[in-house]
Amino acid sequence: MAGELPLSKLDLRSMETGWSHAKAGKSIDGNALTIGGKVYADGVGSHAESSFALQLDGKAREFTAAVGIDSEVGNKGSAEFVVMADGRELFRSGVMKGGQAAKEVKVPLGGVKLLELVVTEAGDGIDFDHADWADARIDFAGSAPVVMPIPKEEAVVLTPKPGPKPRLTGPRVFGARPGNPFQHRVTATGTKPMTFSASGLPAGLKIDPKTGLITGKLADKGEWRVEVAAKNSLGSVTRPLRIVGGDTISLTPPLGWNSWNCFAGAVTDGNIRDAARVMAESSLVDHGWCYVNIDDFWQVKPGSNDPTLQGPERDAEGNILTNKRFPDMKALTDYIHGLGLKAGLYSSPGPLTCGGCSGSFGHEEQDAASYAKWGFDYLKHDWCSYRPESEKDRAKPAPRLSVLDSITNDEKLKLMIPYATMRAALDRQPRDIHYSLCQYGMGNVSEWGDMVGGNSWRTTGDINDSWSSMAGIGFKQAGLEKYAKPGRWNDPDMLVVGHVGWGPALHPTKLTPNEQYTHISLWSLLASPLLIGCDLTKLDDFTVGLLTNDEVLEVNQDELGKQAGRISKDGNGEVWAKQMVDGSWAVGLFNRGTAPLQVSCDLSLLNIRGAAQVRDLWRQKNEAPASGKITRTIPRHGVALLRVK
Ligand code: GAL
């Protein structure tokens, strides 16, 4: 058989698209395929991020197409078209923008067995990326190309169940500011009841033997090497814990939960209590998870039709008030703290939050004081309605960090001022509050998040539970590793595993099992804050497995505080590596493509000569030693997470 097969004649249900679904002979919106004003009679309309895999027999001759952004979006949208053959790149369009004329694709296919047509969002998100493969056809000589269906994956729990003997988990370093209430929980897995102890604690701190909670106050700055112990009927175990009294907290990335990716604008006090209760009663707490964070919608929403959001925004003195769904914040944080956990809250430097609720503009001092008085341990401060011009409208100038005096770049200064203002207010509170900047990465926030005292800063827009969103964000973190260090973390947004949904109706994450392993592995390598985004009352075994692997979490929580960087990339295969405190490397071998792929890590890139010990972290199993390189076959959108020494 031989002939020309138009792409539009294939079963396009297996073409992945970041939005809507691929259309034969039409644009993604169903219009005539048009690029740069030129109309094409045939082709396929798709949307970034997209991929389509075809099996060939090695005898096909050529793939041809005209690619570009469909004219239906005007000059908006930007995407890159990539043609891959057996995991190698044959064609890359460069960034194509709305309005531009099409680029011709003409690539030989001799010997090729797997053809992948990929559209990436080109670094600015998928909005308006209406991507056309116009006049796309395959000239074949042997058997006709066959579409590779999106495979069904079984949700296999790789994490072994923890053993009955005590095993200490969680971070090995903890920072606190002297004089403020100290709260750190020593955690362990193993049969209960468990008793905890600590030797060498600095003056002012004590440990509760039943819960492992270390509380009290540090009198002074300093560093203490404490030995913590956990004991049950089957034995006991000890481990060092470094306590650092100083100005910087969150010396390892926070581990916790946030309400946004599940409940969003529907959140209630009851949801928060449920999350705290499940975190404390399920195994999560034994693996170091501790923050329970309320996102937007605990405040009043001016002008809302929803009676539960109505009411006065502030009292007569200007103190922020809660909406009716949150009747008593102090009672709520008491409940959370009573479970040995920590509590988080959300606001905006602007007058309104992203959801249109009351923000902190002009009330920073009062709001910081309210959060501290209520007992919050975490603040996410979300840009949204903030406008730099409004600084001149302040009744009185806000106190802010003097570090700003040295900034001469006006644009940067404008972005820094609102965050420095709240930082100064938080500094005056007698409480350690993790400060999370959220402004989606504007002005390369990683470069200055540290200067305004952020403990973490969002580097991207919002995540959702699709491969294109999660992978698009995660793999775009390459290069930011130089900015991460203890107490200062890049934040690629919250986790989308389990039941998510942004409102009252939830659904199981749309990420496949392998994509979820990629998500947790990559976020652990990136030393990102890990904030679970799902309804904890709907946890299933697979999700619990993803969130309770201590060897994976150890990659995230490593004391050195390094963030992984991309050390090599070959087509769809990427290798990311993170240096660990014991001299070993945590290494992720990723496959961003749709067909299984051999991915190799060249050990010389890690300065490893001779035989290396290799451990599979998800399975918690040693593998055969390797020398020269480590090669694994990685499934579609999957990962192997290894520790190499
Ligand atoms: C967005 C933010 C989300 C969530 C939301 C609340 O700007 O990135 O994570 O907090 O606002 O309205």
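Residues numbered from 1 in each chain as written. Predicted model: local features only at pLDDT ≥ 70, side-chain atom pairs only at ≥ 80, totals over all residues. Heavy atoms only, no water.

**So, the overall build of the protein**
Phase 1 of the analysis: Along the protein, the regular secondary structure elements total 10 helices and 40 strands.
Phase 2 of the analysis: Taken against the 2.2 N^0.38 rule, which gives 26 Å for 645 residues, the C-alpha radius of gyration of the protein at 26 Å falls within 12% of a compact globule.
Phase 3 of the analysis: If you line up the protein on its principal axes, its C-alpha atoms span 80 × 60 × 45 Å.
Phase 4 of the analysis: Residue burial in the protein is summarised as follows: out of 645 residues, 57% are buried.
Phase 5 of the analysis: In the protein, the proportion of contacts linking residues at least 24 apart, taken out of those at least 6 apart, comes to 73%.
Phase 6 of the analysis: Put simply, the protein shows about 24,900 Å² of open surface, and 52% of that area lies on carbon and sulfur atoms.
Phase 7 of the analysis: Each charge class in the protein was averaged separately, 72 positive and 76 negative side chains, and the resulting centres sit 4 Å apart. (Helix = DSSP H or I, 4+ residues; strand = E, 2+ residues; numbered from the N terminus. Rg over C-alpha atoms; globule rule 2.2 N^0.38 Å. Buried < 20%, exposed > 50% of the residue type's maximum accessible area, 1.4 Å probe, protein only. Contact = heavy atoms within 4.5 Å. Areas by Shrake-Rupley, 256 points an atom, 1.4 Å probe, with all protein chains shown as cover. Lys, Arg positive; Asp, Glu negative; His and termini not counted. Charge placed at Lys NZ, Arg CZ, Asp CG, Glu CD.)

**Description of helix 7 (residues 467-475)**
Phase 1 of the analysis: Counting buried positions over the 9 residues of helix 7 gives 9, a clear majority of the element.
Phase 2 of the analysis: Considered for burial, the residues of helix 7 that qualify are Trp467, Ser468, Ser469, Met470, Ala471, Gly472, Ile473, Gly474 and Phe475.
Phase 3 of the analysis: On its buried side, helix 7 packs onto helix 8 (513-525), strand 33 (565-570), strand 34 (573-579) and strand 35 (585-591).

**Section: the side chain of aspartate 377**
Phase 1 of the analysis: In this fold, aspartate 377 is placed in the loop between helix 4 (364-374) and strand 26 (378-382).
Phase 2 of the analysis: What makes aspartate 377 buried here is its relative accessible area of 6%.
Phase 3 of the analysis: A distance of 2.8 Å separates a polar atom in the side chain of aspartate 377 from a polar atom in the side chain of histidine 337.
Phase 4 of the analysis: A polar atom in the side chain of aspartate 377 sits 2.6 Å from the side chain of arginine 431.
Phase 5 of the analysis: The contacts of aspartate 377, once residues within four sequence positions are left out, are Tyr291, His337, Lys342, Ala343, Arg431, Asp432, Ile433 and His434. (Polar contact = N/O pair within 3.5 Å; in protein donor to acceptor, adjacent residues only side chain to side chain.)

**Section: the pairing of strand 34**
The side chains of a regular strand alternate between the sheet's two faces.
Phase 1 of the analysis: Most of strand 34 sits inside the fold, with 6 of its 7 residues counted as buried.
Phase 2 of the analysis: Bridging between strand 33 and strand 34 involves 5 bridges; their strand directions are antiparallel. Looking at strand 34, one finds that glycine 565 is bridged to alanine 577.
Phase 3 of the analysis: Linking strand 33 back to strand 34 in an antiparallel pair, the connection comprises 2 residues, with glycine 571 at a positive phi of about 60 degrees.
Phase 4 of the analysis: Note that strand 34 and strand 35 share 7 bridges and pair antiparallel. Looking across to strand 35, one finds that tryptophan 576 is bridged to glycine 588.
Phase 5 of the analysis: From the end of strand 34 to the start of strand 35, which pair antiparallel, there are 5 residues, and glycine 583 there has a positive phi angle of about 90 degrees. (Pairing = 2+ DSSP bridges.)

**Remarks on the sheet that holds strand 6 (residues 50-55)**
Phase 1 of the analysis: Here we have 5 strands laid out as an open sheet, ordered 9-8-11-6-13, and antiparallel in their pairing. The sheet terminates laterally at strand 9 (88-97) and strand 13 (146-147), the two strands that pair on one side only.
Phase 2 of the analysis: Examined bridge by bridge, strand 8 (residues 78-85) and strand 9 share 7 bridges and lie antiparallel to one another. Bridge pairing in strand 9 links valine 82 to arginine 92.

**Describing the site of the ligand**
Phase 1 of the analysis: Taken together, the neighbourhood of the ligand is formed by Trp260, Asp295, Asp296, Tyr346, Cys354, Gly355, Lys380, Asp382, Cys438, Tyr440, Arg458 and Asp462.
Phase 2 of the analysis: One nitrogen or oxygen atom from the side chain of aspartate 382 is found 2.9 Å from an oxygen atom belonging to the ligand.
Phase 3 of the analysis: Contacts to the ligand include aspartate 462, whose side-chain N or O atom sits 2.5 Å from an oxygen atom.
Phase 4 of the analysis: Here the ligand, which alone exposes 310 Å², has 94% of that area covered by the protein.
Phase 5 of the analysis: The residue makeup of the shell around the ligand, split by class, is 5 nonpolar, 1 polar and 6 charged. (Near = heavy atom within 4 Å. Nonpolar A, V, L, I, M, F, W, Y, C, P; charged D, E, K, R; others polar.)

**What about the packing of aromatic side chains?**
Phase 1 of the analysis: Following the criterion strictly, the structure yields 16 aromatic pairs and no others.
Phase 2 of the analysis: Taking the centre distance of 6.4 Å and the plane angle of 20 degrees together, the rings of tryptophan 260 and phenylalanine 297 count as stacked. Placement of tryptophan 260 in helix 1 (residues 260-263) and of phenylalanine 297 in the loop between strand 24 (291-293) and helix 3 (329-338) is noted, with a sequence separation of 37 residues between them.
Phase 3 of the analysis: Among the aromatic residues, ring-to-ring pairing joins Trp298, Tyr371, Trp374 and Phe376 into one connected group.
Phase 4 of the analysis: It is lysine 76 that lies over the ring of phenylalanine 128; its NZ or CZ is 4.5 Å from the centre.
Phase 5 of the analysis: Cation over ring: arginine 273 sits above tyrosine 335, and NZ or CZ is 5.0 Å from the ring centre. (Phe/Tyr/Trp six-rings, centres within 6.5 Å; stacked < 30°, edge-to-face > 60°. Lys NZ or Arg CZ within 6 Å of the ring centre and 35° of its normal.)

**Some points on the pattern of salt bridges**
Phase 1 of the analysis: For the structure on display, the rule yields 43 salt bridges.
Phase 2 of the analysis: Across the pair lysine 569 and glutamate 574 runs a salt bridge, and its minimum N-O distance is 3.3 Å.
Phase 3 of the analysis: You can call lysine 569 partly exposed: its relative accessible area is 47%.
Phase 4 of the analysis: Glutamate 574 gets classed as buried once you look at its relative accessible area, which sits at 0%. (Salt bridge = Lys/Arg side-chain N within 4 Å of Asp/Glu carboxyl O.)

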